[in-house]
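So the chains spell out like this:
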2 protein chains.
Amino acid sequence: MEFAEQTVAITAVKGVRAAAGRLGIKRGDALDAALFALPSPGTYAGVFTQNQFKSACVESSLDRLHAGKSVQAVLITSGNANAGTGLQGRADTEQLAVTVARELGCQADEVIVLHTGVIGVPLHAERFTPKIPALVASLASTPEAAQAAADAMRTTDTFRKTSQRQFFVADERFTVAGVAKGAGMIHPRLATMLALVVTDFALPQEALQKALQGAVRTTFNAISVDGDTSPNDSVILLSTGAKVGADSKDAANAFQMALTEVCEDLAKMIVQDGEGATKFIEVEVSGADTAEDAEKAVLAIVTSPLVKTAFFGEDFNPGRIVSAIGRSGANMQWDRVTVSMGGLDVFRDQVFVAVDSAQAQAVMKQNTIAVNVRIGDGEHACRYFTSDLTYDYVRINSEYTT
Amino acid sequence: MEFAEQTVAITAVKGVRAAAGRLGIKRGDALDAALFALPSPGTYAGVFTQNQFKSACVESSLDRLHAGKSVQAVLITSGNANAGTGLQGRADTEQLAVTVARELGCQADEVIVLHTGVIGVPLHAERFTPKIPALVASLASTPEAAQAAADAMRTTDTFRKTSQRQFFVADERFTVAGVAKGAGMIHPRLATMLALVVTDFALPQEALQKALQGAVRTTFNAISVDGDTSPNDSVILLSTGAKVGADSKDAANAFQMALTEVCEDLAKMIVQDGEGATKFIEVEVSGADTAEDAEKAVLAIVTSPLVKTAFFGEDFNPGRIVSAIGRSGANMQWDRVTVSMGGLDVFRDQVFVAVDSAQAQAVMKQNTIAVNVRIGDGEHACRYFTSDLTYDYVRINSEYTT
């Protein structure tokens, strides 16, 4: 799928520098390292994979988060996920942090290291640390450096993923800018999504963490390409703290809105770049008694191979959506369930609505299709973004031979 | 996948008759009706879809079950699922039952009617009832009639699905015989699996229902092609009651074993005939603290598109299996998790085991592959049968145009 190239860059936040480099984790000439640095240690918030199978880098990042550390730099390497590699893997991750910290002049636990790539293969960090000094030396606060770093994060991504928003509190201008990588969930043994968002809006760590969790809940945690999650999924939010916002609820709301919009931009780009995807599908379930019921119903739809192949085939098939809702386990008032696709009513009063076939075809031909479901009179809703299931998804995920 | 043609027939149970016919629900010359009849009303047990979206035929069959009715005949029609059709749909189902009962000389609520086919299209039973008398008149107790009826149940099935077992109590021989249809879950708007099992072993209704539920739990409820269920899924068990078994625990156990084996045969055939399937995968999770934990872990594996595409591609990829277990939500001892594929140890102590690539390839080339997982020291286990995710699955489920 196409998505307009962004001209924004994470260096829009004053003092943030970026660099791209080749450590040699990947073969050939491919860039495989992105480094982002703040002028000094900043406030750090993070949200990580819920998978019990966690990469060494997630364990390392969680330790820093739980210890309330400030963070000055984030190193992202691609080509090897450093997952399922035991204690040696953890040592490899920390070795990279130590090396970056020494060059940058900060503490090792003020450096976050994230990996993406093959699962279950030793990293051997000592082979790459000699190239770290040059990477640190090339840090620059230019948009070009930021875009090169965003490119270096890409694995199977077909386009660069960046987003930014600005907002004003009184006359002060604040910025939230982010980069992400991710295309589907796991490319053959290549693990999934990473995102880094930075801001100059100053907030205490606890408030920053809460803001990130709120933003992630409806964005990065509301996308599904194939229902799988990786041992490496990470979203990092850093604040330089350069600008102290008015200590008001309005200021906090403005920041939350900008942060959520940046996260939503990046999350949608990941779905639009989903492996083999040809359609972008937005599914909302409302009228649920609880948030859990709404999410159960949404998840049944967005993870159904039958629903997703129908969208690929542009086959107008509301029966598959209704079947998915029915088996979701969500508590609902079945006789009140209504379903619309692309604005067309397709199911109500337990009966499918006769739909003009030309209208149905017009809906299915669209690149972006909304599915709206009500399951009762409750007040809870849940929205997910997903893609279709295509030949290319099967090709990408089956043709790799180790 | 190939599966040896069965020579067995449901008419092996004495007095059971079968017939195949063309009502005209499907276009062209295709058979679209199978009728099975007992010599007189027999004991009836049934297990039905858990989907809240239920076909009219499931509602009708559930009413008879809850009322404790005896059943003399089962009519199975294909081409139209009569689901999402409201009260008119229910009237259509009952009209067919009334017509069969009149010709057979029993009560209408002693006839079960099951449908499979397109969802959400009115059935218009009055168009087909004139052909019922000829169908009833052609009932015969021959294997040929039974096999024709088993064929008439097929929709996208590529082979006929029948199974039977005999067992002895003292010197008395008993028979359990069954037929099923199903290939993947829902072919484009064609709904899923139906099975009918008959026996001459006499049991009170309550015991018969309990026996069926026990057999279904580890067989029809332990298969997954794509995680979807249909509004029509039904498993019916009828006993002619012709032979009274020794009223002993041994007799009940022998019956339960035969019944479970017949159900397992039919369930495996449905997976082997899964839409586009090229591999048959048996996944067992053991060492769980509870049955729910074991099933959660199994389900995460057998519904993972990444796991299933790797099997299709014959890509030895234990990382995807470990990732699926990790995100399953099952309570487990992560440091005790072990995984084997085709008998090869691939993961233990949180680290992937180095596996000889020739051995790994030999495992992946097999048509039937066992995945065994331990998630702790608990006593609970769960086993599922599944298939791979292939180009043909996407083709079959996307290329249909309404």
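Residues numbered from 1 in each chain as written. Chains lettered and ligands numbered in written order. Predicted model: local features only at pLDDT ≥ 70, side-chain atom pairs only at ≥ 80, totals over all residues.

A. How the structure looks around the overall build of chain A. When you go through chain A residue by residue, the secondary structure sums to 11 helices and 17 strands. Counting every position in chain A, which comprises 402 residues, the buried fraction comes to 60%. Sequence separation of at least 24 residues holds for 81% of the intrachain contacts in chain A that already meet a minimum separation of 6. (Helix = DSSP H or I, 4+ residues; strand = E, 2+ residues; numbered from the N terminus. Buried ≥ 20, exposed ≤ 12 C-beta atoms within 10 Å, placed from the backbone. Contact = placed C-beta atoms within 7 Å.)

B. Structural view of the pairing of strand S12 (residues 280–288) of chain B. Residues and elements named next belong to chain B. Pairing between S12 and strand S16 (residues 368–374): seven bridges, direction parallel. The residue bridging Ser 286 from the neighbouring strand is Arg 374, located in S16. Judged from the seven bridges that link them, S12 and strand S17 (residues 380–387) form a sheet pairing that is antiparallel. Directly across from Phe 280, in S17, lies its bridge partner Ser 387. (Pairing = 2+ DSSP bridges.)

C. Region of interest: the packing of helix H5 (residues 205–217) of chain A against helix H6 (residues 249–272) of chain A. Residue and element names in this part refer to chain A. Closest axis-to-axis distance for the H5/H6 pair is 9 Å, and the angle between their directions is 45 degrees. It follows from the interaxial angle that H5 and H6 lie oblique. When the axes of H5 and H6 are compared, the crossing they make is right-handed. Residue-level contacts link Ala 211, Gly 214, Ala 215 and Val 216 of H5 to Phe 255, Gln 256, Leu 259, Thr 260 and Cys 263 of H6. Partitioning the contact of H5 with H6 into residue classes produces six nonpolar, three polar and no charged. (Axes fitted to C-alpha atoms, helices over the stretch in contact; angles between N-to-C directions. Parallel < 35°, antiparallel > 145°, perpendicular 65-115°, else oblique. Left-handed = near helix turned anticlockwise from the far one by under 90°. Nonpolar A, V, L, I, M, F, W, Y, C, P; charged D, E, K, R; others polar.)

D. View of the packing of helix H8 (residues 305–312) of chain B against helix H9 (residues 318–326) of chain B. Residues and elements named next belong to chain B. The N-to-C vectors of H8 and H9 enclose an angle of 160 degrees; their axes lie 9 Å apart at closest approach. Considering the angle they form, H8 stands roughly antiparallel to H9. Crossing of H8 against H9: the hand is left-handed. On H9, the residues that touch Leu 306, Val 307 and Ala 310 of H8 are Arg 320, Ile 321 and Ala 324. Tallied by class, the residues present in the contact of H8 with H9 amount to five nonpolar, no polar and one charged.

E. Broad picture of the pairing of strand S13 (residues 338–341) of chain B. Residue and element names in this part refer to chain B. Residues Val 339 and Met 341 line the buried face of S13, whereas the alternating positions Thr 338 and Ser 340 sit on a face that is not buried. Judged from the four bridges that link them, S13 and S16 form a sheet pairing that is antiparallel. Bridge pairing in S16 places Thr 338 opposite Arg 374. Across three bridges, the pairing between S13 and strand S14 (residues 344–348) is antiparallel. The residue of S14 that forms the bridge with Ser 340 is Asp 345. Joining the antiparallel neighbours S13 and S14 is a turn of two residues, in which Gly 342 adopts a positive phi near 55 degrees.

F. How the structure looks around helix H1 (residues 56–66) of chain B. All names here are of chain B. If you check which residues of H1 are buried, you get Ala 56, Cys 57, Val 58, Ser 60 and Ser 61. Tucked inside the fold, the buried residues of H1 contact strand S2 (33–48), helix H2 (86–104), strand S4 (111–118) and strand S11 (234–243). At the C-terminal side of H1, Gly 68 shows a positive phi close to 70 degrees.

G. Main features of the environment of Met 341 of chain A. Residue and element names in this part refer to chain A. With respect to the helices, strands and loops of the structure, Met 341 is situated in strand S13 (residues 338–341). With 101 residues separating them along the chain, Met 341 and Thr 240 place their C-alpha atoms 44 Å apart. Met 341 has contacts with Pro 318, Val 346, Val 363, Ile 369 and Val 371, leaving out every residue within four places of it along the chain.

H. View of unusual backbone geometry. The backbone of Asn 82 of chain A shows a phi angle near 50 degrees, a positive value even though the residue is not glycine. Relative to the helices and strands, Asn 82 of chain A resides in the loop between strand S3 (71–80) and helix H2 (86–104). Overall, Asn 82 of chain A belongs to the buried group, with 33 C-beta atoms counted inside 10 Å. At Gln 350 of chain B, a residue that is not glycine, the phi angle is positive and equals roughly 65 degrees. Summarising the element assignment, Gln 350 of chain B is placed in the loop between S14 and strand S15 (351–352).

I. Molecular detail of the sheet that holds strand S12 (residues 280–288) of chain A. All names here are of chain A. Spatial ordering of the open sheet is given by S10-S17-S12-S16-S13-S14-S15, a layout of seven strands whose pairing is mixed. Each edge of the sheet is formed by a strand with only one pairing partner; in this case those strands are strand S10 (223–224) and strand S15 (351–352). By the bridge criterion, two bridges tie S10 to strand S17 (residues 380–387) in an arrangement that is parallel. Across the sheet, residue Ile 223 finds its bridge partner in S17, namely Phe 385. Strands S10, S12, strand S16 (368–374) and S17 of the sheet are contacted by helix H7 (residues 291–302), whose axis makes an angle of about 20 degrees with S17.

J. Inspection of the domain arrangement of chain A at higher detail. Residues and elements named next belong to chain A. Examined at the domain level, chain A breaks down into domain 1 (10–272) and domain 2 (280–398). Computed over C-alpha atoms only, the centres of domain 1 and domain 2 are separated by 33 Å. With 12 residues of domain 1 at the contact, the number on the domain 2 side is 10 residues. At the level of elements, S10 and H6 are the ones that each hand at least two residues to the side of domain 1 that touches domain 2. Considered class by class, the residues forming the side of domain 1 that touches domain 2 number six nonpolar, five polar and one charged. (Domains from an automatic or database assignment.)

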